[in-house]
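So you can see what is in the structure, the chains are spelled out below.
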Amino acid sequence: MQFQKKIVAVISWGLVAGWMALIFFLSAQQGEQSADLSGGITELVNQIVEQVAPEAEFKMDEISFFVRKNAHFFAYMLLAVLTLNAVRRSGGRGWMSMGVAFVISVLYAITDEVHQLFVPGRSGQVSDVLLDSTGALAGIALYAIISRGLGGKHKTKNERSN
């Protein structure tokens, strides 16, 4: 049984590393490539909005801004969920595990923005780190709510007795 727990922990950390690698890959795209990717997603969102609310008027640059900023939020929300899961699968519990997951996510957000300073056509922005951090907090809260709803499998002995 102990071996299975270790395998699950290793797989959990592998998912964290894989997600970080995807974020790194997307951040390494030059400005034009990144804009093309965002443009394709923006066009898809625009088509959906036109189907749902044909009378609504949006400017493509507004939708593009919305798509790009939400990508930051959700990427780091998922990173925090994966990281918190990995920390807990490795034996971390309670608030400390949440703090560790948050710190890892925020530090990665900072390094990601620094990385973008060296990519042609990209820039690192403190506002993106703040947005990433907010996404990480949302992910940690979501994980906590879901784990409590599932019977608190990840609670410590002290938390279960309260």
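Here, every reference points to the structure presented above.
About the cut-offs
- Residues numbered from 1 in each chain as written.
- Predicted model: local features only at pLDDT ≥ 70, side-chain atom pairs only at ≥ 80, totals over all residues.
- Heavy atoms only, no water.
- Helix = DSSP H or I, 4+ residues; strand = E, 2+ residues; numbered from the N terminus.
- Buried < 20%, exposed > 50% of the residue type's maximum accessible area, 1.4 Å probe, protein only.
- Contact = heavy atoms within 4.5 Å.
- Areas by Shrake-Rupley, 256 points an atom, 1.4 Å probe, with all protein chains shown as cover.
- Core = buried A, V, L, I, M, F, W, Y, C linked by side-chain atoms within 4.5 Å.
- Expected span 1.5 Å × (residues − 1).
- Polar contact = N/O pair within 3.5 Å; in protein donor to acceptor, adjacent residues only side chain to side chain.
- Salt bridge = Lys/Arg side-chain N within 4 Å of Asp/Glu carboxyl O.
- Phe/Tyr/Trp six-rings, centres within 6.5 Å; stacked < 30°, edge-to-face > 60°.

Asks: Sorry, what's going on with the overall build of the protein here?
Replies: Across its full length, the protein carries 6 helices and 0 strands. Going from the N terminus to the C terminus, the protein shows its helices and strands as α-α-α-α-α-α. Burial status across the protein gives 35% buried among its 162 residues. For the protein, contacts bridging at least 24 residues in sequence account for 71% of all contacts bridging at least 6. Approximately 10200 Å² of the protein is accessible, and the part contributed by carbon and sulfur atoms is 68%.

Asks: For this particular structure, what's the right way to read the nonpolar core?
Replies: It is characteristic of soluble globular proteins that their nonpolar side chains tend to be buried jointly. Among the nonpolar cores identified, the biggest contains 11 residues, and these are Val-16, Met-20, Ile-23, Ala-75, Tyr-76, Leu-79, Leu-82, Ala-86, Tyr-108, Ala-109 and Val-129. The set of elements that each furnish at least two residues to this core consists of helix H1 (2–27), helix H3 (60–89) and helix H4 (94–116). Tallying contributions element by element places H3 first for this core, with 5 residues. Ala-80, Ala-101, Ala-136 and Ile-140 belong to the second-largest nonpolar core, a separate cluster that totals 8 residues.

Asks: Mind showing me how you'd approach helix H5 (residues 126–149) here?
Replies: In an α-helix, one turn spans 3.6 residues, which is why side chains three or four residues apart end up on the same side. The terminal C-alpha atoms of H5 lie 35 Å apart, and with 24 residues this matches the ideal 34 Å at 1.5 Å per residue to within 8%. Considered for burial, the residues of H5 that qualify are Asp-128, Val-129, Asp-132, Ser-133, Gly-135, Ala-136, Gly-139, Ile-140, Tyr-143, Ala-144 and Ser-147. Phi for Gly-151, located one or two positions after H5, is positive at around 100 degrees.

Asks: Please explain the side chain of Thr-83 as it appears in this structure.
Replies: Structurally, the position occupied by Thr-83 is in helix H3. A polar contact is formed between the side chain of Thr-83 and the backbone oxygen of Leu-79, at a distance of 2.7 Å. Not counting the four nearest positions on each side in its chain, Thr-83 is found in contact with Trp-13, Val-16, Ala-101, Ile-104 and Ser-105.

Asks: Would you mind showing me how to read the pattern of salt bridges here?
Replies: Working definition: two side chains of opposite charge can pair if their charged atoms are close together. Scanning the entire structure with this criterion turns up 1 salt bridge. Where Asp-128 meets Lys-69, a salt bridge forms, and the shortest distance between an N and an O atom there is 2.6 Å. Here the residue Asp-128 occupies a position in helix H5, and Lys-69 occupies one in helix H3, the gap between them amounting to 59 residues. Note on Asp-128: relative accessible area 5%, which makes it buried. Judged by relative accessible area, which is 22%, Lys-69 ranks as partly exposed.

Asks: Looking at this model, I keep getting lost on the packing of aromatic side chains. Mind explaining?
Replies: How two aromatic rings sit relative to each other is given by the distance of their centres and the angle of their planes. Scanning all chains against the criterion turns up 1 aromatic pair. Ring centres of Phe-73 and Phe-74 lie 5.2 Å apart, and the angle between their planes is 85 degrees; on these two criteria the pair is classed as edge-to-face. Given the relative accessible area of 44%, Phe-74 is considered partly exposed.

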